[in-house]
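Here's the letter readout for the chains.
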Amino acid sequence: ESTAGITLQDAVKKLRGQPGTQVTVTIMHEAAKEPFDITLTREVIKIESVRSRMLDNKIGYLQIIEFTAKTDVDMVKAINKMQQDGMDALVMDLRNNPGGLLNVAVNVTKSFIDAGKLIVYTEGRRSDRVEYRADVRGPYAEMPMVVLVNGGSASGSEIVAGALQDHHRALIMGTTTFGKASVQSVIPLSDGSGLRLTTAKYYTPAGRGIHRDEKTGKGGIPPDIMVEVPRESEIKLRRQQEEIYAKDQSPKSVVKKEEQVEDTALRRATEILKARFIFSNIKGG
């Protein structure tokens, strides 16, 4: 059955079915000389927005994939669990995070800053400024942390990174973020269609515009420390993060251990946090 000319939802309906049953997909792409088949076994898909694990030297790793309805709650659970395991510092990975719910991104930021501090604000042509501030002191306001970002970090992830950077709360590492921070309103039209109009833009606490200017190329959140990862390695790293969930088994990477590549940005982040521990010990805590 060809998928040419059908909608995404129609394609999804053809793929979905009872868990345990199979569906065969025929694929053709530029690198393949002939079409080839892949048979998939249908399973219940577990969607996670937060992943965490302990690294060496009491450093925790927290990856936020996107900001969904429960991301802030799941983040707190993950950090508390790592603290129970002895975590003293944190690497927050926002690479390739496209954003999501604004209120959740704000709540995530609140956990790491003091009460009353500005997180982000919007402002339109008429200067109708709307501010988002931390109402209480975050439970992790003094935890040493490094935030990883790249060109795939957009919207909500840029709000988090920009606020933590402006308040000198965390070290931002990686490459400049995407630059997507516009507030849009939909104006309904008489024929049932709508006009999507940009009415305001997001700004960091220091007043920096996050949204990228197409003419000048300026925008996004520039890192404090630039760590560029080759495109080929970045693709492999994203592939390594994909996990297989099998019944009665722990999740495992789809990439074999011997074929995995080193995450140079993560290594640099942990090296910096290790040095911070040494400095704190010299200073007497």
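Residues numbered from 1 in each chain as written. Predicted model: local features only at pLDDT ≥ 70, side-chain atom pairs only at ≥ 80, totals over all residues. Heavy atoms only, no water.

1. Quick word on the overall build of the protein
Next, step 1: In terms of regular secondary structure, the protein is built from 6 helices and 14 strands.
Next, step 2: Across the 285 residues that make up the protein, the buried fraction comes to 34%.
Next, step 3: Look at the contacts in the protein between residues 6 or more apart in sequence, and 63% of them connect residues 24 or more apart.
Next, step 4: In the form shown here, the protein has an accessible surface area of approximately 17,600 Å², with 50% of it arising from carbon and sulfur atoms. (Helix = DSSP H or I, 4+ residues; strand = E, 2+ residues; numbered from the N terminus. Buried < 20%, exposed > 50% of the residue type's maximum accessible area, 1.4 Å probe, protein only. Contact = heavy atoms within 4.5 Å. Areas by Shrake-Rupley, 256 points an atom, 1.4 Å probe, with all protein chains shown as cover.)

2. What to know about the sheet that holds strand β6 (residues 118–123)
In a beta sheet, neighbouring strands are held together by backbone hydrogen bonds and run either parallel or antiparallel to one another.
Next, step 1: In spatial order, the strands read β7-β6-β11-β10; together these 4 strands make up an open sheet with antiparallel pairing. Each edge of the sheet is formed by a strand with only one pairing partner; in this case those strands are β7 (130–133) and β10 (182–188). Neighbour to neighbour, the strand axes of the sheet diverge by 25° on average, direction disregarded.
Next, step 2: As paired elements, β10 and strand β11 (residues 194–203) share 7 bridges and run antiparallel to each other. (Pairing = 2+ DSSP bridges. Axes fitted to C-alpha atoms, helices over the stretch in contact; angles between N-to-C directions.)

3. What to know about the nonpolar core
Next, step 1: Among the nonpolar cores identified, the biggest contains 37 residues, and L62, I79, L90, M92, V108, F112 and V147 are the most heavily contacted of them.
Next, step 2: Elements with a contribution of two residues or more to this core: β4 (59–64), α2 (71–84), β5 (89–93), α3 (102–110), β6, β8 (145–149) and α4 (156–166).
Next, step 3: At 5 residues, the largest contribution of residues to this core is made by α4.
Next, step 4: Sequence-distant contacts of I79, that is, excluding residues within four places in its chain, are made with L62, M87, L90, F112, Y140 and M143.
Next, step 5: V91, M173, A265 and A269 belong to the second-largest nonpolar core, a separate cluster that totals 12 residues. (Core = buried A, V, L, I, M, F, W, Y, C linked by side-chain atoms within 4.5 Å.)

4. Focus on the sheet that holds strand β3 (residues 50–54)
Next, step 1: On the basis of which strands lie adjacent, the open sheet formed by 6 strands has the order β3-β4-β5-β8-β9-β12 and mixed pairing. Strand pairing shows two members of the sheet lacking a second neighbour, β3 and β12 (225–226), which therefore form its edges.
Next, step 2: Where β3 lies against β4, 5 bridges are found, and the strand directions are antiparallel. Directly across from R53, in β4, lies its bridge partner Y61.

5. Considerations on the packing of aromatic side chains
Next, step 1: Applying the stated criterion across every chain, the model contains 2 aromatic pairs.
Next, step 2: Aromatic side chains Y121 and Y203 sit 5.4 Å apart centroid to centroid with 15° between the ring planes, which places their arrangement in the stacked category. In this pair, Y121 is assigned in strand β6 and Y203 in strand β11, connecting sequence segments 82 residues apart.
Next, step 3: The ring centre of Y61 lies 4.4 Å from the NZ or CZ of R53, which sits over that ring.
Next, step 4: Between the NZ or CZ atom of R129 and the centre of the ring of Y121, over which it lies, the distance is 3.7 Å. (Phe/Tyr/Trp six-rings, centres within 6.5 Å; stacked < 30°, edge-to-face > 60°. Lys NZ or Arg CZ within 6 Å of the ring centre and 35° of its normal.)

6. Brief notes about the pattern of salt bridges
Next, step 1: Counted according to the given criterion, the structure contains 15 salt bridges.
Next, step 2: Of the charged contacts in the structure, one is a salt bridge between R137 and E142, with a shortest N-O distance of 3.0 Å.
Next, step 3: In this structure, the salt-bridge partner of E262 is R267, at a minimum N-O distance of 2.7 Å.
Next, step 4: The class for R267 is partly exposed, based on a relative accessible area of 33%.
Next, step 5: Residues participating in the shared-partner salt-bridge network are D93, R95 and D263. (Salt bridge = Lys/Arg side-chain N within 4 Å of Asp/Glu carboxyl O.)

7. Details of α4
Next, step 1: α4 sits mainly inside the fold: 11 of its 11 residues count as buried.
Next, step 2: Where α4 is concerned, the buried positions are G156, S157, E158, I159, V160, A161, G162, A163, L164, Q165 and D166.
Next, step 3: Backbone geometry just after α4 places H168 at a positive phi near 50°.

8. With respect to the pairing of strand β9 (residues 171–174)
A regular strand places its side chains so that they alternate between the two faces of the sheet.
Next, step 1: Examined bridge by bridge, β8 and β9 share 4 bridges and lie parallel to one another. What sits directly across from V146, in β9, is L171.

9. A closer look at the packing of α3 against α4
Next, step 1: Orientation of α3 relative to α4, taken along the N-to-C sense of each, is 25°, at an axis distance of 9 Å. Between α3 and α4, the angle falls in the class roughly parallel. α3 and α4 meet at a crossing whose hand is right-handed. Facing L102, A105, V108 and T109 of α3, the residues of α4 in contact are G156, I159, V160, A163 and L164.
Next, step 2: When its residues are assigned to classes, the contact of α3 with α4 shows 7 nonpolar, 2 polar and no charged. (Parallel < 35°, antiparallel > 145°, perpendicular 65-115°, else oblique. Left-handed = near helix turned anticlockwise from the far one by under 90°. Nonpolar A, V, L, I, M, F, W, Y, C, P; charged D, E, K, R; others polar.)

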